[in-house]
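Listed below, chain by chain, are the residues.
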Amino acid sequence: MILATLFTIAVNPPAIAAGDAQRGEYIFHAGGCESCHTAKDGARLAGGHRLETPFGTFVVPNITPDPVYGIGGWSEADFIRAMTEGLSPDGSPYYPSFPFTSYTRMTERDLRDLKAWLDTIPAAANDPGAHDLTFPYNIRFGLWPWRWVFFRPQPFVNRADKSDNWNRGAYLVQGPGHCGECHSPRNFAGVIDNGRALAGNPKGPDGKAVPGLRPNNDIGDWSIDDIKTVLQIGLTPDGDVMAGAMAVVVENDTGKLTAADRHAIAVYLKDLPPLE
């Protein structure tokens, strides 16, 4: 009887409960998905936004449940692998313009909940088109050596010597928020310089300099409350208003976080060590 039971479990493993779509909508905002995956005047999350980079133009994909142009045919496992390993359902590598290098730190629960919510939005049969990259970056096979050298999946691990607020803020910044993708400098291969993470980027996604988030950078004299206010309504301590890409982030993402999560992010950022 015991052997028969074990055999049954092995052949038909217990099903994992479906994700929580309501909670997934919150993860969606924490992850900044809206800002990239919805093109101007386009259907929500149907892709088409164009990212101009030194390597060429990346076209952001459709992530609606459309089975042809979106992710409607993806399983939960497909989605989690894409987010944490940067691999498509057929095993092809994604370009790191898709920030799986940050999303790899997200918890499985958050990813399952996010997928559950994405499955509820209206499908849009929109073909965003292909990337327009310069040689040799248009040769996708070249992503394999890039991955071997520069990418290691790394789930987020809480630090025992830090507070719950600090750890929550670190998770949001390093994982779903992927703040370092814009606010950090990159090397010749387009890889974040981890030694100078969050120290600012002289050339951001829109070609403009992105400020640093460390104490000796642009927000060094901001208080925790100042940071929380910027994340909520985009108003800086000197009365200026965020514009450009950060204004979109505030509107679509950080402005929709809970006050507790904005506080946690501020606690983490204020505790970053300065870099010369």
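Not measured: the values here are computed from a predicted model.

A. How the structure looks around the overall build of the chain. Across its full length, the chain holds twelve helices and three strands. Here the C-alpha radius of gyration of the chain, 20 Å, is about what a compact globule of 276 residues would show, namely 19 Å. Counting only C-alpha atoms and orienting by the principal axes, one finds that the chain spans roughly 70 × 45 × 40 Å. When burial is assessed residue by residue, the chain has 43% of its 276 residues classed as buried. Counting only contacts in the chain whose residues sit at least 6 apart along the sequence, the fraction spanning at least 24 positions is 60%. Separation between the mean location of the 24 positive side-chain charges and that of the 32 negative ones in the chain comes to 3 Å.

B. Summary view of the layout of surface pockets. By volume, the second largest pocket is sized at about 580 Å³. Contributing to the lining of the second largest pocket are 28 residues, with T101, R105, Q154, I192 and N194 lying nearest its centre. The set of elements that each furnish at least two residues to the lining of the second largest pocket consists of helix 5 (100-103), helix 7 (143-150), helix 8 (164-174) and helix 9 (180-183). Taken together, the residues that form the lining of the second largest pocket break down as twelve nonpolar, ten polar and six charged.

C. Structural context of empty space enclosed by the protein. Scanning the model with the defined rule gives one cavity of 30 Å³ or more in all. Of the voids in this model, the largest cavity is the one considered here, and its volume is about 40 Å³. Surrounding the largest cavity, L213, R214, P215, I219, G220, I227, L269 and K270 form its lining. Taken together, the residues that form the lining of the largest cavity break down as five nonpolar, one polar and two charged.

D. Spatial organisation of the pattern of salt bridges. Under the defined criterion, the tally for this structure stands at eleven salt bridges. Across the pair D110 and R23 runs a salt bridge, and its minimum N-O distance is 2.7 Å. One end of the pair, D110, is in helix 6 (residues 108-118); the other, R23, is in helix 2 (residues 21-30), with 87 residues separating them in the sequence. Accessibility expressed as a relative area gives 3% for D110, which makes it buried. We classify R23 as partly exposed; its relative accessible area is 24%. With a closest N to O distance of 3.0 Å, D119 and K115 form a salt bridge. What makes D119 partly exposed here is its relative accessible area of 41%. The exposure class of K115 is buried, given its relative accessible area of 6%. Within the structure, one salt-bridge network assembled from shared partners comprises R23, R109, D110 and D113.

E. Geometry of helix 12 (residues 259-270). The terminal C-alpha atoms of helix 12, which comprises twelve residues, lie 16 Å apart, in line with the 16 Å expected from a rise of 1.5 Å per residue. Regarding helix 12, the residues found buried are D261, R262, A264, I265, A266, V267, Y268 and L269.

F. Looking closely at the packing of helix 8 against helix 12. Orientation of helix 8 relative to helix 12, taken along the N-to-C sense of each, is 90 degrees, at an axis distance of 7 Å. With respect to helix 12, the element helix 8 is oriented roughly perpendicular. Of the residues in helix 12, those in contact with N165, W166, R168, G169, A170, L172, V173 and Q174 of helix 8 are A260, D261, H263, A264, I265, V267, Y268 and L269. Within the contact of helix 8 with helix 12, the residues separate by chemical class into ten nonpolar, four polar and two charged.

Definitions and limits used
Residues numbered from 1 in each chain as written. Predicted model: local features only at pLDDT ≥ 70, side-chain atom pairs only at ≥ 80, totals over all residues. Heavy atoms only, no water. Helix = DSSP H or I, 4+ residues; strand = E, 2+ residues; numbered from the N terminus. Rg over C-alpha atoms; globule rule 2.2 N^0.38 Å. Buried < 20%, exposed > 50% of the residue type's maximum accessible area, 1.4 Å probe, protein only. Contact = heavy atoms within 4.5 Å. Lys, Arg positive; Asp, Glu negative; His and termini not counted. Charge placed at Lys NZ, Arg CZ, Asp CG, Glu CD. 1 Å grid on protein atoms, 1.4 Å probe; cavity = no way out; pocket = protein on both sides within 12 Å on 5 of 7 lines; lining within 4 Å. Points joined across faces, edges and corners; volume = space filled by probe spheres on them. Nonpolar A, V, L, I, M, F, W, Y, C, P; charged D, E, K, R; others polar. Salt bridge = Lys/Arg side-chain N within 4 Å of Asp/Glu carboxyl O. Expected span 1.5 Å × (residues − 1). Axes fitted to C-alpha atoms, helices over the stretch in contact; angles between N-to-C directions. Parallel < 35°, antiparallel > 145°, perpendicular 65-115°, else oblique.

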